[in-house]
Amino acid sequence: MKKKFLSLMMAAAVVATTSVSAFAAEHQLTAVGEEKQVDIGIEGKVEDGSGNVLPSTVTVTVPTALNFTVKKDGTVVSSEIEITNSGNEPVSVIATDFIDTTGENDGIKVKKEEPAERKEVNLRLVGGDQVITLTSEANSVTGLSGKMYVNNSDTATDSIVLKDITAGNPLKLKLEGKGKKSDNTGDAAVNDTFKLKLKFKKKDKN
């Protein structure tokens, strides 16, 4: 069985956390006559002459691990991550880099073409507004291995906007693809590690 792990590195332009509480802390008095002081945070806003207020801090919840397995029949099984925005302003989720940490010639090789060996896999990032094809190719721009292609185009791209997310409208990402079917019980299992870098920023106003 081949197992692949991708870690998400956040170059966050907004506040990014791995967990967000949607409720204020609760305080409970447990005995009659008990005295307890509680501080309640209050945020105030004053609109300008056009009815606008100063923007609030945007909080995005981002799982930091994604994995997939290439089964012996060549199918790809992937986990799913959900990126949520608990603020009141739209946030753009941008994929800036995909990196094969072991290089294009070691470990599992991600390629656009049909896999010809068990250690090769065709892999796509789906769930956003565009399908992103990932590869282990050498990247002359970053000096590392790893490229991204929008909708399987012929030209590699960076800084791809996956989706603009708002409260109640999360982005769910997973991996799809295809590996080569194993015809030999002696095929060895392979592990490898990649990195997908995501950036978050408040959506540009047109």
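A quick note: this is a predicted structure, and the numbers were derived from the prediction, not measured.

### Regarding the pairing of strand 4 (residues 65-70)
Pairing between strand 4 and strand 5 (residues 76-78): three bridges, direction antiparallel. Paired with Thr-69 across the two strands is Val-77, which belongs to strand 5. Connecting the antiparallel pair strand 4 and strand 5 is a turn made up of five residues, with Gly-74 showing a positive phi of about 95 degrees.

### Brief notes about the confidence of the model for the protein chain
Here the protein chain averages 78 in pLDDT, and 72% of its residues register 70 or above. Residue range residues 7-32 is modelled with pLDDT below 50. Its contacts to residues more than four positions away, or to other chains, number 50 contacts.

### So, the side chain of Thr-96
Examined against the element boundaries, Thr-96 turns out to sit in strand 7 (residues 91-100). Thr-96 sits in the buried class, given a relative accessible area of 14%. If we skip the residues at most four places from it in the chain, Thr-96 touches Met-148, Asp-158, Ser-159, Lys-197 and Lys-199.

### Notes on the packing of aromatic side chains
All chains considered together, the criterion is met by one aromatic pair. Geometrically, the ring pair formed by Phe-98 and Phe-194 is stacked, given 5.2 Å between the ring centres and 15 degrees between the ring planes. Placement of Phe-98 in strand 7 and of Phe-194 in strand 14 (residues 191-202) is noted, with a sequence separation of 96 residues between them. Per residue, the accessibility class of Phe-98 equals that of Phe-194, and both read buried.

### Quick look at the environment of Val-91
Residue placement: Val-91 occurs in strand 7. On the basis of relative accessible area, Val-91 is assigned to the buried category, the value being 0%. Sequence separation of Val-91 and Lys-202 is 111 residues, and the distance between their C-alpha atoms is 4.4 Å.

### Focus: the pairing of strand 6 (residues 80-85)
Residues Ile-81, Ile-83 and Asn-85 point to one face of strand 6 and are all buried, whereas Glu-80, Glu-82 and Thr-84, pointing to the other face, are not buried. Note that strand 3 (residues 59-61) and strand 6 share two bridges and pair antiparallel. Paired with Thr-61 across the bridge in strand 6 is Thr-84. In terms of strand pairing, strand 6 meets strand 13 (residues 171-179) through four bridges, oriented antiparallel. Its bridge partner being in strand 13, Ile-83 is matched across the sheet by Leu-171.

What counts and how
Residues numbered from 1 in each chain as written. Predicted model: local features only at pLDDT ≥ 70, side-chain atom pairs only at ≥ 80, totals over all residues. Heavy atoms only, no water. Pairing = 2+ DSSP bridges. Helix = DSSP H or I, 4+ residues; strand = E, 2+ residues; numbered from the N terminus. pLDDT = per-residue confidence, 0-100. Contact = heavy atoms within 4.5 Å. Buried < 20%, exposed > 50% of the residue type's maximum accessible area, 1.4 Å probe, protein only. Phe/Tyr/Trp six-rings, centres within 6.5 Å; stacked < 30°, edge-to-face > 60°.

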